Amino acid sequence: MTADIEIRNVSKHFGAMTVLDDLSLSIKAREFIVFLGPSGCGKSTLLRMIAGLETVDTGEIAINNERIDHLPPGKRGIAMVFQSYALYPHMSVRDNMAFGLENIGMPRDVIEARIKESARILEMEHLLERKPGQLSGGQRQRVAIGRAIVKEPKAFLFDEPLSNLDAALRTRTRIELAQLHQRLQSTMIFVTHDQVEAMTLADRIVVMNNRKIEQIGSPMEIYDRPATKFVAGFVGAPAMNFVEATLDRSSRNARARFADGISVQTEIASDQTIDGKYTFGIRSEDVRIVPAGQGNADGVIDVLERLGERTLVYARLGDGQQIVGSDVGNSRVAVGDKVGLAFDGRKSHLFGETGRAWHAREV
Amino acid sequence: MDDRRATPRTVLPAASVRAASVDIYAPQWRNFIFVAPFLFFFTTLLLVPLFWGMWLSFHKADTFSSGNFVGFGNYVRLFHDKVFLQSVWNTFYFVLLTVPTLALIGLFLALCLNRRTRTAAVLRTLFFSSSVLSVTIVTLIWRIVFIPNVGLLSTIYGWFGATAPAFISDPSLAMIGIAIATVWWCIGLPMMLFLSALQQIPQDIYEAAALDNANRWQTLRSITLPSIKRTFVLVVIVQIVLQFQLFGQAWLMTRGGPNNLTKPIVLYIYDTAFRRWDLGMGAAASEVLFILILMAAMVQYLVTRNKAGQA
């Protein structure tokens, strides 16, 4: 089973505080959607509103064109996996999975067959008789997912389900979730503040900030063509470099000029831009380390982070601004060296005072 | 300072090895002085009277002399005393009346008042407030309620032209009257214990249950009650131990009457030892009560130990 989910002009207030402000979003059947944003941006609230655990103040939510925002959680045909797993501590794994099905009066043999099937998918047949207290974090996570699968819901909702797992298990479970999505072909909505989870799992990412949706797009759209300065800064590690700049719009493509006379030729059409102050943005992998004097600017290395396949170079420009560049894994540079920084004009971005972004023409 | 810095570094590992070999959990006899005050009072006020009581129960004793050793004589007399047997029955009857009522009403109140509204907070305080009253006040209040002709109950029944049940003087109702007063007095503690247990249940399992289509009854039966099972057992056993010691209410409301029907064991002990001055027999009755309460406490210990073992 799978479903389209339509969220139309939804708002949510807690007392005087607005948590979500007139939000609209269409989710296609079989899509894996990730709500990504910092703490307090409203992403969990939106998920809980779809689940029916929070009321919708204004607007409507529909699943397969059928309005569901007035229905109780159990009647919406969705299943949710909680961050804390929310397993019933006094019930065995089997009973945890059966509970929801028993409550709707499903025949015993159907319940048993479903439990068996989902236990097989999740490789947890040997855990069925145990209580949650006897399981490890990763096993509890599986049970929580299993409890969702047995319901054969129209959509799965995941509320930061990986954040209580250790790093290795998190990576493994992430891959398993991706496989599960391919296998079940079900609509999945996943909330996280972890951009790696978002980038790796999502068909489309919904970046949220400050009660609103900042951008909806595929992971690479979000990464390469962030709609706002917030998205550019939030997605990607290390964060995108930002430098205050003025624009020289005399030629076809705009040239960004920094305060201390450094300039970068972008491939952003001058006629698309408007007057005003700008922030120039570029990701670390688009700033190459070259011998001093050969790049757009020179800087002195503050810190080096050797990641193995590449080296992140934190260099300080003459005016004190820090720029993160990228060099090969076995880079010979050392802290204190003076190096040149070569900005890739095709990959540079400009952000206006409102945060709106301009990018190079699409190739 | 400079000298210290000049100390060769090789000395440090040796010193730290020696330091690490000290077991910080090893017993330190001087720590004993911290528990000594408690042990002193525990011994003089609990252990000594306990064994003295046992010793007394084997002697024919009054306030002037500790008398002769009579073996199990006091116990034999005790179990031939119809009043004592009546008082044991009365006590069990009272425990049976109060403990399930306290547990169930306490649970019911806790379920109703486990919410974050101002009304619930006020009602919680109100229901708990009776617990802080002394037994004298409690019995006074309930005597005013129960007193024939002019009491609150009689007045209310009078409005409807009916006669109020005589909770203090009717032999079949007297113990029920005491039980009502006791439940009213003691309901605060079970309610608070249940409330704290309810508040320990994570909210998200209720949300999971809502997504699992559980209605209110299914949620109560499958989520709430199993989650507070241990507290329920605890409340029942604590109340058994407490209610076995009924004294004040019975003494102040009915003096054990009518016809010894509301005389509990503690009142029998008081009568025997301090009104009839038969200390030996009073001590023997005390030992019987002690064993009854000890059994209840042992059950509590076994139940909680098993639960801990399972978790």
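Fair warning: this is a prediction, and the values are worked out from it, not measured in the lab.

1. A short note on the overall build of chain B
1) Next: In terms of helices and strands, chain B carries 16 helices and zero strands.
2) Next: For chain B, whose C-alpha radius of gyration is 28 Å, the value lies well above the compact-globule estimate of 19 Å for 311 residues.
3) Next: Reported as C-alpha extents along the three principal axes, the dimensions of chain B are approximately 100 × 70 × 40 Å.
4) Next: In chain B, which comprises 311 residues, the proportion classed as buried is 28%.
5) Next: Restricting to contacts in chain B with at least 6 residues of sequence separation, those with at least 24 account for 70%.

2. Things to note about the interface of chain B and chain A
1) Next: At the interface, 16 residues of chain B touch 17 residues of chain A.
2) Next: Taken together, the elements giving at least two residues each to the side of chain B that touches chain A come down to α11 (203-211) and α12 (216-227) of chain B.
3) Next: By residue number, the principal contributor to the side of chain B that touches chain A is α11(B), which donates six residues.
4) Next: The residue makeup of the side of chain B that touches chain A, split by class, is nine nonpolar, four polar and three charged.

3. Some thoughts on the sheet that holds strand β5 (residues 66-67) of chain A
Sheet strands pair by backbone hydrogen bonding; their relative direction is either parallel or antiparallel.
Residue and element names in this part refer to chain A.
1) Next: Judged by pairing direction, the sheet is antiparallel, and its four strands sit side by side in the order β2-β1-β4-β5 without closing on themselves. With partners counted over all chains shown, the strands left at the sheet margins are β2 (17-27) and β5, one partner each.
2) Next: With two bridges joining them, strand β4 (residues 58-63) and β5 adopt antiparallel strand pairing. Of the residues in β5, the one forming a bridge with Ile 63 is Glu 66.

4. Re helix α10 (residues 188-200) of chain B
Residues and elements named next belong to chain B.
1) Next: Compared with the 18 Å implied by 1.5 Å per residue over 13 residues, the 18 Å span of α10 between its first and last C-alpha is a close match.
2) Next: Restricting attention to buried positions, one finds in α10 the residues Gly 188, Pro 190, Met 191, Leu 193, Phe 194, Leu 195 and Ala 197.
3) Next: Close packing links the buried residues of α10 with α5 (82-113), α6 (118-129) and α13 (229-243).

5. With respect to the environment of B:Leu102
Residue and element names in this part refer to chain B.
1) Next: Its location among the elements puts Leu 102 in helix α5.
2) Next: Classification of Leu 102 by C-beta neighbours within 10 Å gives buried; the count is 25.
3) Next: With 86 residues separating them along the chain, Leu 102 and Gly 188 place their C-alpha atoms 9.2 Å apart.
4) Next: Setting aside anything within four residues of it in sequence, one finds Leu 102 in contact with Val 183, Cys 186, Ile 187, Pro 190 and Gln 239.

6. Some remarks on the domain arrangement of chain A
Residues and elements named next belong to chain A.
1) Next: Domains assigned within chain A are domain 1 (5-233) and domain 2 (238-358).
2) Next: The centre of domain 1, based on its C-alpha atoms, is set 38 Å off from the matching centre of domain 2.
3) Next: Residues that form the side of domain 1 that touches domain 2 fall into these classes: four nonpolar, two polar and one charged.

7. Regarding the sheet that holds strand β8 (residues 187-192) of chain A
Residue and element names in this part refer to chain A.
1) Next: The mixed open sheet is built from six strands, whose spatial order is β6-β7-β8-β3-β9-β10. Looking at the sheet topology across the chains shown, the edges are occupied by β6 (78-81) and β10 (212-217). Between one strand axis and the next, the sheet turns by 20° as a mean value, whatever way the strands run.
2) Next: With four bridges joining them, β6 and strand β7 (residues 155-159) adopt parallel strand pairing. Paired with Ile 78 across the two strands is Ala 155, which belongs to β7.
3) Next: Of the strands in this sheet, β6 and β7 touch helix α4 (residues 137-149), which is tilted by about 175° from β6.

8. Some words on the packing of α5(B) against α13(B)
All names here are of chain B.
1) Next: For the pair α5 and α13, interaxial distance at closest approach is 9 Å and the crossing angle is 145°. Regarding α5 and α13, the two cross each other, and that crossing is right-handed. From α5, Phe 94, Val 95, Thr 98, Val 99, Leu 102, Ala 103 and Gly 106 reach across to α13, where they touch Phe 232, Val 235, Val 236, Gln 239, Ile 240 and Gln 243.
2) Next: Across the contact of α5 with α13, the residue classes break down as nine nonpolar, four polar and no charged.

9. Concerning the pairing of β4(A)
All names here are of chain A.
1) Next: The sheet contact formed by strand β1 (residues 5-14) and β4 spans five bridges and is antiparallel. Across the sheet, residue Ile 7 finds its bridge partner in β4, namely Ile 61.
2) Next: Here β4 folds back onto β5, and the loop between the two strands holds two residues, one of which, Asn 64, carries a positive phi near 50°.

10. Quick word on the pairing of strand β11 (residues 241-248) of chain A
All names here are of chain A.
1) Next: Burial along β11 is one-sided: Asn 241, Val 243, Ala 245 and Leu 247 are buried, and none of Phe 242, Glu 244, Thr 246 and Asp 248, which face the opposite way, are.
2) Next: As paired elements, β11 and strand β14 (residues 278-282) share five bridges and run antiparallel to each other. Within β14, the position partnered with Val 243 by the bridge is Phe 280.
3) Next: Relative to strand β12 (residues 253-257), β11 runs antiparallel, the two being bridged by three bridges. Pairing of Thr 246 across the sheet is with Arg 257, part of β12.
4) Next: Here β11 folds back onto β12 in antiparallel fashion, the turn holding four residues.

Conventions we followed
Residues numbered from 1 in each chain as written. Chains lettered and ligands numbered in written order. Predicted model: local features only at pLDDT ≥ 70, side-chain atom pairs only at ≥ 80, totals over all residues. Helix = DSSP H or I, 4+ residues; strand = E, 2+ residues; numbered from the N terminus. Rg over C-alpha atoms; globule rule 2.2 N^0.38 Å. Buried ≥ 20, exposed ≤ 12 C-beta atoms within 10 Å, placed from the backbone. Contact = placed C-beta atoms within 7 Å. Nonpolar A, V, L, I, M, F, W, Y, C, P; charged D, E, K, R; others polar. Pairing = 2+ DSSP bridges. Expected span 1.5 Å × (residues − 1). Domains from an automatic or database assignment. Axes fitted to C-alpha atoms, helices over the stretch in contact; angles between N-to-C directions. Left-handed = near helix turned anticlockwise from the far one by under 90°.

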